[in-house]
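For reference, the chains in residue letters:
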Amino acid sequence: MTTECGRCAGTPGWEPMEVEGVTRLRRCECWTAAHASAPSVPREFREARWATWRRTAENRHALAAAQAFLRGGEDGRDLLLCGPVGTGKTRLACTVLNESWRLGERSMAFARVPLLLYRLRPQAALETSETFDRLVAAELAVLDDLGSERDAATDYTRRTLLMLYEARHDAGRRTVWTSNKRPSEIAAFMGDDRLSSRLVGRCDVVGLEGRDWRLLARDAPAPDRRTDMGPALAGAQVEGLGR
Ligand SMILES: [Zn+2]
């Protein structure tokens, strides 16, 4: 809350207004702007912020990588958050959107890859180009859950994702991917390494390992799990792995 706001200096966050001779307070625009989340962010992650990220020894590096991504601006690298279900990759990707929104970015999109591929299927021609163009146009996009589509990728799936990523890259737009697979597994899943090689080439690849947050919530002691992602990511910029 800031007292720099002229509308609510005396009652931070609340703007006084006269209604029939009585002074009432309503939420000030400055408060609404500061607390808003990016519109495309799923409901469960609307409150996701750096400040609400549950920092653990196992995920500290991922938070640092996400913050570095946001600081990187136009010239920064993309980000691939990978790890098992429940490690917070989607939450962290949405935190990037929300924090970016707070900083004034308004051109952003969030899409779950399995649903996106369904929307972009050849039979849905009418909707297809609109969805595709919207995702290309967003300055910042989160493409969530790559590699969790139910059926192994078809030719069409491979081409669509590759074209989308190429178009975004050519336009200088930045992308955060999340996946429950490592790049080598994405290549195997797609039967094609074109997308995975571009991911490795353009992204900081960050493994979110360690404890499942839902287990953590029950305070279950968890073993010190380590990742074997290292060899699969040879040549990639890998953070937080192999420690
Ligand atoms: Zn205000």
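Residues numbered from 1 in each chain as written. Predicted model: local features only at pLDDT ≥ 70, side-chain atom pairs only at ≥ 80, totals over all residues. Heavy atoms only, no water.

Trainee: I would appreciate a short explanation of the packing of aromatic side chains in the present structure.
Mentor: Given two aromatic rings, their pairing is described by the distance between the two centres and the angle made by the two planes. Applying the stated criterion to the full structure yields 1 aromatic pair. The ring of W101 has R106 lying over it, and the distance from NZ or CZ to the ring centre is 3.8 Å. When the ring centre of F189 is taken as reference, the NZ or CZ atom of K181 above it lies at 4.5 Å. (Phe/Tyr/Trp six-rings, centres within 6.5 Å; stacked < 30°, edge-to-face > 60°. Lys NZ or Arg CZ within 6 Å of the ring centre and 35° of its normal.)

Trainee: How do you make sense of the coordination of the zinc ion when you look at a structure like this?
Mentor: In an ideal octahedron of six donors the angles at the metal are 90 or 180 degrees, and in an ideal tetrahedron of four donors they are 109.5 degrees. Of the protein atoms, only C5 (SG), C8 (SG), C28 (SG) and C30 (SG) coordinate the zinc ion, at distances of 2.2 to 2.3 Å. Here the zinc ion binds 4 donor atoms, and the angle range of 104 to 113° at the metal identifies the geometry as tetrahedral. Judged by its relative accessible area of 1%, C8 falls in the buried class. Looking at C30, the relative accessible area reads 21%, which means it is partly exposed. (Donors = N, O, S within 2.8 Å, 3.2 Å for Na, K, Ca; no water. Tetrahedral: all angles 85-135°; square planar, octahedral: opposite > 155°, others 65-115°. Buried < 20%, exposed > 50% of the residue type's maximum accessible area, 1.4 Å probe, protein only.)

Trainee: I keep staring at the packing of helix α7 (residues 183-190) against helix α8 (residues 194-202) and nothing clicks. Help me out?
Mentor: Angle between the axes and distance between the axes: these two values describe a pair of packed helices. Put simply, α7 and α8 touch, their axes get as near as 8 Å, and they point 160° apart. As summarised for this structure, α7 and α8 are arranged roughly antiparallel, according to the angle between their axes. In terms of crossing hand, the pair formed by α7 and α8 is right-handed. Within the contact between the two elements, α7 uses P183, I186, A187 and M190 and α8 uses L195, S196, L199 and V200. (Axes fitted to C-alpha atoms, helices over the stretch in contact; angles between N-to-C directions. Helix = DSSP H or I, 4+ residues; strand = E, 2+ residues; numbered from the N terminus. Parallel < 35°, antiparallel > 145°, perpendicular 65-115°, else oblique. Left-handed = near helix turned anticlockwise from the far one by under 90°. Contact = heavy atoms within 4.5 Å.)

Trainee: It is not clear to me how the nonpolar core should be interpreted in this structure. Could you clarify?
Mentor: Among soluble globular proteins, nonpolar side chains are generally buried collectively. Ranked by size, the top nonpolar core spans 27 residues in total, and within it W50, L79, L81, L92, V96, L97 and V176 carry the most contacts. Every element with two or more residues in this core is listed here: α2 (60-72), β3 (78-82), α3 (89-102), β4 (108-112) and β5 (140-146). Residues contacting V176, with those up to four places away along its chain left out, are F69, L79, L81, A93, V96, A141, V142 and L143. (Core = buried A, V, L, I, M, F, W, Y, C linked by side-chain atoms within 4.5 Å.)

Trainee: Whenever I open this one, the environment of L81 confuses me. Can you help?
Mentor: Considering the arrangement of structural elements, one finds L81 in strand β3. Sequence-wise, L81 and T178 are 97 residues apart; in three dimensions their C-alpha atoms are separated by 4.7 Å. The contact partners of L81, leaving out residues within four places of it in the chain, are K89, L92, A93, V176, W177, T178, S179, V206 and L208.

Trainee: Any chance you could explain the environment of R173 here in plain terms?
Mentor: Tracing the chain through its elements places R173 in the loop between α6 (155-170) and β6 (174-179). On the basis of relative accessible area, R173 is assigned to the partly exposed category, the value being 22%. For the pair R173 and G76, spaced 97 residues apart in sequence, the C-alpha to C-alpha distance is 9.8 Å. Apart from the residues lying within four places of it in its own chain, the contact partners of R173 are D78, V136, A137, A138, E139 and R168. At 3.4 Å, the side chain of R173 and the backbone oxygen of A137 are in polar contact. (Polar contact = N/O pair within 3.5 Å; in protein donor to acceptor, adjacent residues only side chain to side chain.)

Trainee: Looking at this model, I keep getting lost on the confidence of the model for the chain. Mind explaining?
Mentor: A low pLDDT score tells you not to read the predicted coordinates there in detail. Counting all residues, the mean pLDDT for the chain is 82, and 81% of those residues have values of 70 or more. Considering each helix and strand of the chain separately, the mean pLDDT is smallest for strand β8 (residues 237-239), with a value of 41, and largest for β6, with 97. Between residues 213-243, whose pLDDT stays under 50, and residues either more than four places distant or in other chains, the model counts 49 contacts. (pLDDT = per-residue confidence, 0-100.)

Trainee: Where do I start with the side chain of T178 in this structure?
Mentor: By the element assignment, T178 lies in strand β6. Engagement of the side chain of T178 in a polar contact is seen with the backbone nitrogen of D145, the distance being 2.8 Å. Leaving out residues up to four positions away in the same chain, T178 has contacts with L80, L81, K89, T90, A93, L143, D144, D145 and L146.

Trainee: For this particular structure, what's the right way to read the pairing of β6?
Mentor: The side chains of a regular strand alternate, residue by residue, between the two faces of the sheet. Within β6, 6 of the 6 residues are buried, which leaves the element mostly enclosed by the surrounding structure. Where burial is concerned, the two faces of β6 agree: the one with R174, V176 and T178 and the one with T175, W177 and S179 are both buried. Relative to β6, β3 runs parallel, the two being bridged by 4 bridges. Residue pairing in the sheet places L79 in a bridge with V176 of β6. With 5 bridges connecting them, β5 and β6 associate as parallel partners. Opposite A141, over in β6, you have T175 as the bridge partner. (Pairing = 2+ DSSP bridges.)

Trainee: It is not clear to me how the pattern of salt bridges should be interpreted in this structure. Could you clarify?
Mentor: Summed over the entire model, instances satisfying the criterion amount to 14 salt bridges. Here D192 and R158 are joined by a salt bridge, their closest N and O atoms 3.5 Å apart. A residue pair is termed long-range when its members are at least 10 positions apart, and D192 in the loop between α7 and α8 and R158 in helix α6 qualify at 34 residues. Neither residue differs from the other here; D192 and R158 are each classed as buried. Across the pair R182 and E185 runs a salt bridge whose closest N-O atoms are separated by 3.8 Å. Among the residues examined, R182 registers a relative accessible area of 22% and is labelled partly exposed. Given a relative accessible area of 32%, E185 falls into the partly exposed group. Overlapping salt bridges bring together R7, E15, R26 and E29 as one network. (Salt bridge = Lys/Arg side-chain N within 4 Å of Asp/Glu carboxyl O.)

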